[in-house]
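# Working through the structure, step by step
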Amino acid sequence: MVYIFLGVLFIIVSVLRFHPILDNMGLRLFGSNTGDALIRRVYVEPNVQNAFLISVGVLFAISVLLGWHVFLVASGQTTIEYYANKNKANQARFRGGAYFNDYDLGMTRNFEGIFGKTSYPLQWMMPSSREPPGDGMNWQTCKTAFLDQFDNV
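So, here is what we can say about the structure in this document. (Residues numbered from 1 in each chain as written. Predicted model: local features only at pLDDT ≥ 70, side-chain atom pairs only at ≥ 80, totals over all residues. Heavy atoms only, no water.)

## Structural notes on the overall build of the chain
- When its secondary structure is counted, the chain shows 6 helices and 0 strands.
- Listing each helix as α and each strand as β along the chain from the N terminus yields α-α-α-α-α-α.
- The buried share of the chain, taken over its 153 residues, is 19%.
- Sequence-distant contacts, at least 24 apart, represent 53% of the contacts inside the chain between residues at least 6 apart.
- When the accessible surface of the chain is summed, it comes to about 11,400 Å², and 66% of that surface belongs to carbon and sulfur atoms. (Helix = DSSP H or I, 4+ residues; strand = E, 2+ residues; numbered from the N terminus. Buried < 20%, exposed > 50% of the residue type's maximum accessible area, 1.4 Å probe, protein only. Contact = heavy atoms within 4.5 Å. Areas by Shrake-Rupley, 256 points an atom, 1.4 Å probe, with all protein chains shown as cover.)

## Describing a nonpolar patch on the surface
- Where nonpolar side chains cluster on the molecular surface, the patch consists of Y3, F5, L6, L9 and V13 and spans about 470 Å² of accessible area.
- Mapped onto the secondary structure, Y3 falls in helix α1 (residues 2-18).
- We classify Y3 as exposed; its relative accessible area is 66%. (Patch = residues over 30% accessible without salt bridge, like charges linked within 9 Å, V, L, I, M, F, W, Y side chains within 5 Å. Salt bridge = Lys/Arg side-chain N within 4 Å of Asp/Glu carboxyl O.)

## Overview of the environment of A145
- With respect to the element layout, A145 can be found in helix α6 (residues 142-151).
- Taking the relative accessible area as the measure of exposure, A145 reaches 5% and is therefore buried.
- In sequence terms A145 and Y103 are 42 residues apart; their C-alpha atoms lie 9.7 Å from each other.
- A145 has contacts with L105, R109 and Q140, leaving out every residue within four places of it along the chain.

## Regarding the packing of aromatic side chains
- Counted under the stated rule, the structure contains 5 aromatic pairs.
- Each ring, one from W68 and one from F71, has its centre 5.8 Å from the other, and the planes form 35°; the classification is tilted. Of this pair, W68 and F71 both sit in helix α3 (residues 46-75), separated by 3 residues, roughly a single helical turn.
- Following the ring pairs from residue to residue traces out a cluster consisting of W68, F71, Y82 and Y83. (Phe/Tyr/Trp six-rings, centres within 6.5 Å; stacked < 30°, edge-to-face > 60°.)

## Some words on the layout of surface pockets
- Empty space within the largest pocket amounts to approximately 600 Å³.
- In terms of lining residues, the largest pocket is bounded by 22 residues, among which R109, N110, G113, I114 and W139 are the most central.
- Contributing elements (two or more residues each) for the lining of the largest pocket: α3, α4 (79-95) and α5 (107-115).
- With 5 residues, the single largest contributor to the lining of the largest pocket is α5.
- By residue class, the composition of the lining of the largest pocket is 7 nonpolar, 11 polar and 4 charged. (1 Å grid on protein atoms, 1.4 Å probe; cavity = no way out; pocket = protein on both sides within 12 Å on 5 of 7 lines; lining within 4 Å. Points joined across faces, edges and corners; volume = space filled by probe spheres on them. Nonpolar A, V, L, I, M, F, W, Y, C, P; charged D, E, K, R; others polar.)

Structure, rendered in structure tokens:
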């Protein structure tokens, strides 16, 4: 997920930095903003236009993937669990009940369960050498989290 975030950031910066149309409008965000005729090109080469369109397409696709994975982490499930839980929720709704995911501990605790506890949440996006929480095989559920509250008293 860190690499998806960094990839989106790289594409955004490269689009904003190197796009000639933005440069022609005087909206160049990085570098010189002089009125030089050599810097401001009226004609945009087709290769640059194609590169820009490909970059925007990749930016959109990676942004969708980033949003999907943030949703999955925030809801405490994998892709396969999402479809299984969706089916269980539909069955429960058909019977007039409700279905709750056992592994959904709330958004903050779900992120902490995947990325570890940090004092500054944006550290989750940075590569680190710290050990991940847990053993990778057993995960905390709503029931065990509720019982752990009484163990700490």
